[in-house]
Amino acid sequence: MLLKGARLASFDPPRLDEADLRIEGERIAERGQPLAPRSGEDVLELEGAVVMPGLVNAHTHLYSALARGMPGPAPPPRSFVEILERVWWKLDRALDADSVRLSGLVGAIEAARSGTTLLIDHHSSPSFIRGSLGELQRAVEEIGLRSALCYEVTDRNGREGRDLGIEENVTFARERATALTRGLVGAHASFTLADESLDMLARAVSDTGSSLHIHVAEDRADGEDCRARYGGSVVDRLDRHGLLASRALLAHCVHLDPEEVQVAHAKGCWIAHNPRSNMNNAVGYAPAAALRRAALGTDGIDEDMLAEARVAGLKMREAGRDDAVPAALQLVAGGHRLAAALFGLPFGKLDAGAPADLVVLDYRSPTELHGDNLAGHLLFGVDRSHVRSVLVAGRWIVRDRRLARVDAAAVFARAREAARDVWSRMAAV
Ligand SMILES: [Zn+2]
């Protein structure tokens, strides 16, 4: 396939160049200006459309896809821990195989329509643990996206729930990797995991050669619990159990101080920054200025990384940073570096050898657009409504605004029924 006449945008460093791309199999085979069509080649004339690398969501929860519009508990939760106990830990317990699969389909459809091509998910369904990651994988691969999946191990569902969660992570990471999918080892958070459980997670990480994906200091309560029960910070505790050395992905880190962030980075850890979720839960603002090996995540709010990047930039500006716009784009590029570390492929590049994961945008700017102001356009101009077509691993998953593989209306109709059942099961517990 030959994509002709594109304006190719890449973020690290920000660049915009007119060039053609030849796609062969799952990769970009050639980049040039111009490239001559070969006989029999499928040629797509893009006429100056902007093409960017597919976006990466570094921390999400597909299982929350059926929670949109869900009635909140009364009286409203008064703390972050109450939000978990009275909303999310009721929702996840109400999920079964059907609702897990539909959550995955709905979330992946929303991602595809937003130009998000890789989801790093953190899954929980305590009533349906064994086989849950396989259900999610089938759903996400049916839409055609890439993902890195894990099961959220916790002690809150007893020893059996914990052991099943670890087994699910290990089995999935060992047996289910494909071109589109990787397995990580998921853990909820320090405050729901005893020392014995952390040691078991460390073994799961080393047995699979995979990485840990865990919530860290999302709310003040996580760090306070850690200091009171174990002495020291969450970062210290995870390090004592050998859990940081695996390129661990630490979500949130709102209540780490910059020195603790440095320690985590020095161990090779990645940090997922989720500004909209942090605002929604009123947990505070992460030390964004200290983040280096970092990427943006939506934490399940939706799968729209353009919306997340815009808010990330606005929050940085509100915090007084002059470099907010380029810094927010750097976090988007951080998603590509993280994906490259997980998949061993050069994501984020639109060059020969890179994975053919890209987004064609219907973005006609009323002002000039070039590499020097690309960040400003991406944060203040481009949004999901501009996504025309999406290619993942060389295959169209959205083509001219239509999902290529599924009937979204039919999936959403089934999802509405499943959501009604999940909400009524939640009300019954
Ligand atoms: Zn999360």
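As a reminder, the structure under discussion sits directly above these lines.
This section reports on the structure supplied with the text. (Residues numbered from 1 in each chain as written. Predicted model: local features only at pLDDT ≥ 70, side-chain atom pairs only at ≥ 80, totals over all residues. Heavy atoms only, no water.)

Each protein donor to the zinc ion is listed here as His59 (NE2), His61 (NE2), His215 (NE2) and Asp299 (OD); together their distances run 2.0 to 2.2 Å. Because the angles between the 4 donor atoms bound to the zinc ion fall within 91 to 163°, the donor set is best described as irregular. (Donors = N, O, S within 2.8 Å, 3.2 Å for Na, K, Ca; no water. Tetrahedral: all angles 85-135°; square planar, octahedral: opposite > 155°, others 65-115°.)

Next up on the list: the packing of aromatic side chains. One pass over the full model with this rule turns up 1 aromatic pair. Seen from their ring centres, Phe343 and Phe347 are 5.7 Å apart, and the 80° between their planes marks the pair as edge-to-face. We note that Phe343, like Phe347, is buried. Stacked on the ring of Tyr285, the Lys or Arg Lys315 has its end atom at 5.0 Å from the ring centre. (Phe/Tyr/Trp six-rings, centres within 6.5 Å; stacked < 30°, edge-to-face > 60°. Buried < 20%, exposed > 50% of the residue type's maximum accessible area, 1.4 Å probe, protein only. Lys NZ or Arg CZ within 6 Å of the ring centre and 35° of its normal.)

Note on strand geometry: in a regular strand, side chains alternate between the two faces of the sheet. Across the 5 residues of strand β11 (residues 212-216), 5 count as buried, placing the element largely inside the fold. Judged by which residues are buried, β11 turns out to be covered on both faces: Leu212, Ile214 and Val216 on one side and His213 and His215 on the other are all buried. Each parallel crossover has a hand, and the one from strand β10 (residues 185-189) via helix α5 (residues 195-208) to β11 is right-handed. Note that β11 and strand β12 (residues 249-252) share 4 bridges and pair parallel. Residue pairing in the sheet places Val216 in a bridge with His252 of β12. (Helix = DSSP H or I, 4+ residues; strand = E, 2+ residues; numbered from the N terminus. Right-handed = clockwise from strand over helix to strand, strands pointing away. Pairing = 2+ DSSP bridges.)

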